[in-house]
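Residue strings, one per chain:
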Amino acid sequence: MTGNPKNPPKIRAYDGPAGGWGSARSVGEVLLREHIPAKGPNLLAHQNKPDGYMCVSCAWAKPAKPHPLEFCENGAKATAWEVTDRRADVEFFARHSLTELASWSDHDLEEQGRLTQPMRFNPDSDRYEPVEWEAAFAEIGRELRALAPEQVDFYTSGRASLEASYMYQLFARMYGSNNLPDSSNMCHESSSVALPESIGASVGTAILSDFQNCDCIFYIAQNVGTSSPRLLHDLQDAADRGVRIVTINLLRERGLERFKNPQAPSQMLSGKETIISTEYYQVRNGGDTAALFGICKALIETDDALRLTGTSKVTGADAEPKDQTNAAQVAYAASIAAADKKHILDHDFIKEHTTGFEQFASITRAHSWEELERVSGLSRQQMEQAANTYANAQAVVIAYGMGVTQHIMGVDNVHMIANLALLRGNIGKPGANICAVRGHSNVQGQRTVGITEKPGLAPLDKLAQLYRFEPPRWMGHSTVETCGAILRGESRAFIGLGGNFLRAVPDTDLMEKAWRKLRLTVAIATKLNRSHVVHGEIAYLLPCLGRLEIDEQESGPQAVSIESSIAHFHGSRGRATPASTGLRSEPAIIAGLAKATLGATAVPWDRWVANYAEIRDAIEETYPETFKNFNKRLFQPGGFPRPLPARERKWVTPTGKANFIAPARLFPEFDIRGDTSRLLYLATLRSNDQFNTTVYGYSDRFRGVEGTRMVVFMNGEDIRRLGFVEGESIDLHTALADAAGRQISGLRIIEYAIPEGCCAAYYPEANPLFPLAHHDKKSKTPSYKLLPVLVSRSIGTTAVDG
Ligand SMILES: Nc1nc2c(c(=O)[nH]1)N[C@H]1C(S)=C(S)[C@@H](COP(=O)(O)OP(=O)(O)OC[C@H]3O[C@@H](n4cnc5c(=O)[nH]c(N)nc54)[C@H](O)[C@@H]3O)O[C@H]1N2
Ligand SMILES: Nc1nc2c(c(=O)[nH]1)N[C@H]1C(S)=C(S)[C@@H](COP(=O)(O)OP(=O)(O)OC[C@H]3O[C@@H](n4cnc5c(=O)[nH]c(N)nc54)[C@H](O)[C@@H]3O)O[C@H]1N2
Ligand SMILES: [Mo]
């Protein structure tokens, strides 16, 4: 089984809007595909509702007054994928050896359906075989006790509830380890490092009402139509109010161009679409710091001129516009003058609330337009136009995603976003603020309750006092450090609370070899994936309930909770019948592991499992300010907010102010090896038919790709310059010194609206290209959106998915 798509690949331009009938049809098809046409629609009615369950797809806000159907195409897919009627049961594992399953594609592995009971790897039969829960816990406990805590890694993917995450970090710390890497290390970690330095907040500060009160949105490097489609409704409402939406993205993404609301009958029938972006700037990948410097330069220099002269005369722009560049600037200065403004920057805010402005301004002025244009791929006029729009807005939301964070300069990029916001006081006023659009549905929340490798970020003293143990104080492993320790043979055991670590990380080929040498791999999971079929010497699959399922415990059916992208907490109650009676909940599995590993402790594990409200009480005791009256507020419509001092312009930074921080460079320095005439900069992307490593199918409707994922998006000029033709198969080779030999083969060329010199391919297929060392040194986030690659014609290879 190769996982080859059933139909031959088709590539054609998609000219519909995001949403629309395509989306409505797709939801129906998904329910059919997972054999759940009857229970599906009923269940979906409870998705993201105050009394229902919180979607397991993205982390976008759940409004207090939801739409009758508060879900999107991709949320419906995630639901269908979880409540599917398909099963990877005992008979399935009896039929297939692990050697065989290791040749299956990501899609085919998960497509087998839900895991049904605990399994242990048997080396004699090369199969996973059923095992009793207690026997599994006992052996895992014995193995963990035989290892040093430094040798064990406890990974969390961002779906686990606040309750499960809190228990998991406590288990790891009581065992003696701070090795708590998580999916966030590959995702928004650049935000988690940069935002505290800039504004003293570890998360975005925007809430839903900011989208309702802004007069401008900067939408940077996030693919809303695929990755967080419900946010498209908020963008649509804003667009309908006449809000300017300025998009900065590597690609032309359909969801950022046009949207038709599949849940608004009038739009569906009338054929009306909403134009989302009023300005669309296609930046080169890795060009955001330069582009944002350019926008800041236009603002600062225009402000300089206004302050000097008190008139609309601005640097480089005489009264008579000589070219388009000057035209934009003059129009801008004129509009400022018309509004009788004497300056463009919010000097009162800068003076009262920030440090570092003068230094940032002089570094910004010193960057030449030529350099900024070359690195960003935008023209001076475009950057000035964006600045003009920015300066004419009273309240701006700046939202961003992975195209900013997954970079060698990820932290620098986020600093630049904060700098732009600070120039006009766009933090801590209604309708403004920074929105870090989060990925996994509880990735933000798991950090809030202690999942972190950094001892300084966990309330260790409090945990010590509450549970009477001495927590480890050493710095644990982040995701890339876990990979390093596994590659070096230092880590001996890997426990995964969800996720598909082996596919999500860089250097996947090397990692697989090292992974097989681990003494112990334990996966708490809902579905089979590659991190399970490639396994350690002793390997366990511990199947858990999903969030959508009824979680019956001693005190009755349980609820869990999550934190959304806008820092609101929500209760979630499962509605679906569990996939199997052999499943346990994540809290129950963690408690089982903890008791078997740690013996008697001061933690009432069994009581917690019997009634999750008691876990929430413990969370509240640990974080009294954040989780005040947790159980009482659990189902508050719209969620209850997490206190965010930066929203009130209280800056929890060492200076007590918000800080302008200027990146030291515009673009990373790479030690490139090979024929540079064949060099392109690669970004990796998600299709509209996947959730991370979960590949639902082989369709990327908005980008017009059907039936394959083995493609590379290229600019037409590059295709011709390199002597290729569209549809031809090529290979990509990592072009960095010390990274020789990393390549992927047989990618079909698609001509696409992407700047020259750049290209894009799908994640996780492209991950073998990324060397582990290729990450942001400050946040350790892998640079998944910027890798120098060389392209060559494929010899004798054909594209094979999987
Ligand atoms: N359906 C679906 N939903 C998801 C997920 C999924 O896989 N499928 N994953 C979830 C997770 S964990 C996450 S983190 C989010 C991810 O959601 P996104 O943040 O949207 O991440 P990507 O899909 O990787 O795409 C990033 C976008 O950045 C652009 N880009 C790439 N490089 C650059 C650059 O250098 N500069 C600029 N300005 N733009 C760039 C790309 O063109 C693309 O539009 O979505 C979450 N939601
Ligand atoms: N090249 C490249 N690599 C990337 C990225 C990229 O843009 N480019 N993006 C990165 C990002 S942003 C992220 S977040 C990571 C994602 O990395 P991960 O979070 O590790 O991966 P997922 O694909 O989300 O994990 C899917 C698996 O989770 C399990 N699962 C699903 N639901 C549940 C549940 O309720 N409970 C439990 N216990 N298990 C469950 C299933 O077994 C499923 O197979 O990948 C990163 N890797
Ligand atoms: Mo993510």
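If you check an unreviewed UniProt entry, the chain appears there as Formate dehydrogenase from Rhizobium tropici.

If you tally the helices and strands in the chain, you get 33 helices and 34 strands. By the compact-globule yardstick of 28 Å for 802 residues, the chain fits well, its C-alpha radius of gyration being 26 Å. For the chain, the C-alpha atoms occupy an extent of roughly 80 × 65 × 55 Å along the three principal directions. Here the chain holds 802 residues, and the buried ones make up 66% of them. Within the chain, contacts between residues separated by at least 24 positions form 79% of all contacts whose residues are at least 6 apart in sequence. For the chain, the exposed surface amounts to about 27,300 Å²; the carbon and sulfur share of it is 52%. Of the side-chain charges in the chain, 87 are positive and 93 negative, and the distance between the mean point of each set is 2 Å.

The next point concerns the site of ligand 1. Not every one of the 29 residues close to ligand 1 is listed here, only the nearest: N249, E253, D288, Q690 and N692. One of the backbone N or O atoms of A221 is found 3.4 Å from an oxygen atom in ligand 1. M402 has a polar backbone atom sitting 2.8 Å from an oxygen atom of ligand 1. Split by domain, the shell around ligand 1 shows at least three residues from each of two domains, domain 2 (192-219 + 231-251 + 277-436) and domain 3 (676-793).

Next up on the list: the sheet that holds strand β21 (residues 559-563). Strands sit in the order β21-β22-β23 across an open sheet of 3 strands; the sheet is antiparallel. This sheet does not close on itself; its edge strands, each paired only once, are β21 and β23 (640-641). Relative to β23, strand β22 (residues 568-573) runs antiparallel, the two sharing 2 bridges. Each bridged residue has a counterpart across the sheet, and for F569 the counterpart in β23 is F640. Seen against the sheet, helix α8 (residues 162-175) touches β21 and β22 and runs at an angle of roughly 85° to β21.

This part takes up the UniProt feature "domain: Molybdopterin dinucleotide-binding" (unreviewed entry) in the chain. Cross-referencing UniProt, the feature "domain: Molybdopterin dinucleotide-binding" (unreviewed entry) maps to residues 680-786 in the present numbering. Helix makes up 6% of residues 680-786 and strand makes up 36%, while its end C-alpha atoms are separated by 10 Å.

A two-sided burial pattern is seen for strand β30 (residues 711-714), the buried positions comprising V711 and F713 on one face and V712 and M714 on the other. Strand direction decides the pairing type here: β30 and strand β32 (residues 743-751), joined by 4 bridges, are parallel. What sits directly across from V711, in β32, is R748. Bridge count between β30 and strand β33 (residues 758-762): 3 bridges; the pairing is antiparallel. Looking across to β33, one finds that V712 is bridged to A761.

Turning next to the domain arrangement of the chain. Here the chain is described as being made up of domain 1 (87-187 + 450-622), domain 2 (192-219 + 231-251 + 277-436) and domain 3 (676-793). Each of domain 1 and domain 2 has a C-alpha centre, and these two points are 42 Å apart. The interface of domain 1 with domain 2 comprises 6 residues on the first partner and 8 residues on the second. Carbon and sulfur atoms supply 56% of the area that domain 1 and domain 2 bury against each other, a total of about 590 Å² over both sides. Summed over the three residues of domain 1 that lose the most area to domain 2, namely C187, S565 and I566, the buried surface amounts to 64% of that side. Between domain 1 and domain 2 we count 0 salt bridges in total.

All right, on to the sheet that holds strand β28 (residues 699-700) then. Strand pairing in a sheet is mediated by backbone hydrogen bonds. Such pairs are either parallel or antiparallel. Read across the sheet, 3 strands follow the order β1-β29-β28 without closing on themselves; strand pairing throughout is antiparallel. The sheet is open, and its two borders are formed by β1 (10-11) and β28, each paired with just one other strand. The sheet contact formed by β1 and strand β29 (residues 705-706) spans 2 bridges and is antiparallel. In the sheet register, K10 faces β29, and the bridge partner there is E706.

Lining the immediate surroundings of ligand 2 are 32 residues, of which E110, Y155, E586, T693 and N767 lie closest. Interatomic distance of 2.7 Å between a side-chain N/O atom of E110 and an oxygen atom of ligand 2. Between ligand 2 and K785 there is a distance of 3.0 Å, counted from an oxygen atom to a side-chain nitrogen or oxygen. Among the elements of the structure, α26 (501-504) and β17 (520-525) are those that each provide at least two residues to the shell around ligand 2. The residue inventory of the shell around ligand 2, partitioned by class, reads 12 nonpolar, 14 polar and 6 charged. Built from parts of two domains, the shell around ligand 2 gets at least three residues from each of domain 1 (87-187 + 450-622) and domain 3 (676-793).

Mapped onto the elements, S580 comes out in the loop between β22 and α29 (586-598). Placed 36 residues apart in sequence, S580 and C544 show a C-alpha to C-alpha distance of 9.5 Å. From its side chain, S580 meets the backbone nitrogen of G582 in a polar contact 2.8 Å long.

The tally for this structure, following the rule as stated, stands at 33 aromatic pairs. Centre to centre, the rings of F360 and F660 are 5.5 Å apart; their planes meet at 20°, and the pair counts as stacked. Taken together, the residues F360 in helix α18 (residues 357-366) and F660 in the loop between β24 (658-659) and β25 (679-685) connect sequence positions 300 residues apart. Across the pair, F660 and F360 agree in class, each one buried. Through pairs of rings, three or more aromatic residues link up here, namely F569, Y623, F627, F630 and F640. Note that R159 overlies the ring of F691, its terminal NZ or CZ placed 5.6 Å from the centroid. Taking the ring centre of F713 as reference, the NZ or CZ of R703 above it sits at 6.0 Å.

Let us look at the environment of N426. Along the chain, N426 turns up in the loop between α22 (410-423) and β15 (434-436). For N426 and A393, which are 33 residues apart along the polypeptide, the C-alpha to C-alpha distance reads 9.9 Å. Sequence-distant contacts of N426, defined by excluding residues within four places in its chain, comprise Y390, Q394, A395, V396, A421, A432 and N433. Reaching out from N426, the side chain makes a polar contact with the backbone nitrogen of V396 at a distance of 3.0 Å.

Each value, and the rule that gives it
Residues numbered from 1 in each chain as written. Chains lettered and ligands numbered in written order. Predicted model: local features only at pLDDT ≥ 70, side-chain atom pairs only at ≥ 80, totals over all residues. Heavy atoms only, no water. Helix = DSSP H or I, 4+ residues; strand = E, 2+ residues; numbered from the N terminus. Rg over C-alpha atoms; globule rule 2.2 N^0.38 Å. Buried < 20%, exposed > 50% of the residue type's maximum accessible area, 1.4 Å probe, protein only. Contact = heavy atoms within 4.5 Å. Areas by Shrake-Rupley, 256 points an atom, 1.4 Å probe, with all protein chains shown as cover. Lys, Arg positive; Asp, Glu negative; His and termini not counted. Charge placed at Lys NZ, Arg CZ, Asp CG, Glu CD. Near = heavy atom within 4 Å. Polar contact = N/O pair within 3.5 Å; in protein donor to acceptor, adjacent residues only side chain to side chain. Domains from an automatic or database assignment. Pairing = 2+ DSSP bridges. Axes fitted to C-alpha atoms, helices over the stretch in contact; angles between N-to-C directions. UniProt positions renumbered as here; feature names shortened; annotations may be inferred. Buried area = accessible area lost by both parts, 1.4 Å probe. Salt bridge = Lys/Arg side-chain N within 4 Å of Asp/Glu carboxyl O. Nonpolar A, V, L, I, M, F, W, Y, C, P; charged D, E, K, R; others polar. Phe/Tyr/Trp six-rings, centres within 6.5 Å; stacked < 30°, edge-to-face > 60°. Lys NZ or Arg CZ within 6 Å of the ring centre and 35° of its normal.

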